Amino acid sequence: MSRTARIERETSESKVVVEVNLDGTGRVDVSTGVGFYDHMLTAFGRHSLVDLTVHSEGDVHIDAHHTVEDTAIVLGQCLREALGDKKGIRRFGDATLPLDEALVRCVVDVSGRPYSVHTGEPEGQQYVLLGGSGVPYLGSLTQHVFDSIAHHAHLTLHVNVLAGREPHHIVETQFKAFARAFRDAIAYDPRETGVPSTKGAL
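Note that the structure is predicted; figures quoted are calculated from it, not measured.

Draft legend 1. Representation of the sheet that holds strand β6 (residues 102-109) in the model. One open sheet holds the 4 strands; their spatial order is β5-β6-β10-β7, and the pairing between them is mixed. Looking at which strands have only one partner, the edges of the open sheet turn out to be β5 (92-99) and β7 (115-119). Averaged over all pairs of adjacent strands, the angle between strand axes in this sheet comes to 10°, irrespective of strand direction. Both β5 and β6 contribute to a ladder of 8 bridges, which runs antiparallel. If you follow G93 over to β6, its bridge partner there is V108. Relative to the sheet, helix α3 (residues 141-153) contacts β7 and β10 (156-163), its axis offset from that of β7 by approximately 160°.

In C-alpha cells, the structure reads:
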C-alpha cells in the first residue's frame, strides 16, 4: 500500500500545499517564504527519509507566524492521512541527537492520541529571531510547529532540549531528533509483517 498524501489548505492568511511519501528517500522541495523554516523542514525530510514537498504562501508582510503554523497544520494532516491504518508499524520511536553543544531527545508514539510536550529550551530562546535576509523565524514558533504537527497527525510527541547555547543549533537539533524518532516509529515491524525493516537503518 502506498503511504502518500497530498493536502491543500487555503485561508485568508495563507495558502499551503503539502505532499508526503512516507516510504521515500528524503527528497525535499520546500518553499514557505521563511528561509529558516525551509531549512528546518528540509532537515526533517532528509532525516526522516520522508519525501516532502511544501509550497506555502502567506501574509509574511505581517510576520512569519501564520505561514509557519498553517504549514505545520497541513504537514500534520498529511502525515496522518499517509499513515492510513498504521498496521504493522513499530509505533514508537526514540532519538537523541547532538549538534555541537546542543543535545535533544525526542520520543514519538503514533498513538492516534494527540499530545505534545515541549521542554528544556533555555530562557530567551522564544524571543530569538533566526534567519538571514528576509522574513525572520521567531524562536517561540518551534513549540507551535510541534504542537500543530502532533495535534493534526494524532501523535504523542515529547521533545526535550537537554543542552544548548546557540539558538540555531537548538532549533535544528529538535527538528532532526523529531525526524529520526518519527522515521523509526513509522518503520514496519518485522515481528508484525514478517518483512525485515530498513527504514530505521542509517
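Draft legend 2. Structural context of the environment of Q143. Assignment of secondary structure puts Q143 in helix α3. Linking Q143 and Q126, residues 17 residues apart in sequence, is a C-alpha distance of 9.0 Å.

Draft legend 3. Summary view of the side chain of D51. The residue D51 is located in strand β4 (residues 51-58) in this model. Of the residues examined, D51 reaches a relative accessible area of 10% and is grouped as buried. Polar contacts involving the side chain of D51 include one to the main-chain amide nitrogen of T25, which spans 2.9 Å. Engagement of the side chain of D51 in a polar contact is seen with the backbone nitrogen of G26, the distance being 3.1 Å. When near neighbours in sequence (up to four residues on either side) are disregarded, D51 contacts E19, V20, N21, G24, T25, G26 and R27.

Draft legend 4. Up close: helix α2 (residues 65-83). Here α2 contains 19 residues, and its C-alpha end-to-end distance of 27 Å stays within 8% of the 27 Å for a straight helix at 1.5 Å per residue. Downstream of α2 by a residue or two, G84 has a phi angle that is positive, lying close to 60°.

Draft legend 5. Structural detail: the pairing of strand β2 (residues 14-21). By the bridge criterion, 7 bridges tie strand β1 (residues 4-10) to β2 in an arrangement that is antiparallel. In the sheet register, E8 faces β2, and the bridge partner there is V17. By the bridge criterion, 8 bridges tie β2 to β4 in an arrangement that is antiparallel. Across the sheet, residue S14 finds its bridge partner in β4, namely G58.

Draft legend 6. Representation of the sheet that holds β1 within the structure. Read across the open sheet, the 4 strands follow the order β1-β2-β4-β3; overall the sheet is mixed. Among the strands making up the open sheet, the edge pair consists of β1 and β3 (28-31). Recorded for the sheet is a direction-independent mean angle of 5° between the axes of neighbouring strands. Strand contacts of helix α1 (residues 35-48): β3 and β4, with the helix running at about 160° to β3, the strand carrying the most contacts.

What counts as what
Residues numbered from 1 in each chain as written. Predicted model: local features only at pLDDT ≥ 70, side-chain atom pairs only at ≥ 80, totals over all residues. Heavy atoms only, no water. Pairing = 2+ DSSP bridges. Helix = DSSP H or I, 4+ residues; strand = E, 2+ residues; numbered from the N terminus. Axes fitted to C-alpha atoms, helices over the stretch in contact; angles between N-to-C directions. Contact = heavy atoms within 4.5 Å. Buried < 20%, exposed > 50% of the residue type's maximum accessible area, 1.4 Å probe, protein only. Polar contact = N/O pair within 3.5 Å; in protein donor to acceptor, adjacent residues only side chain to side chain. Expected span 1.5 Å × (residues − 1).

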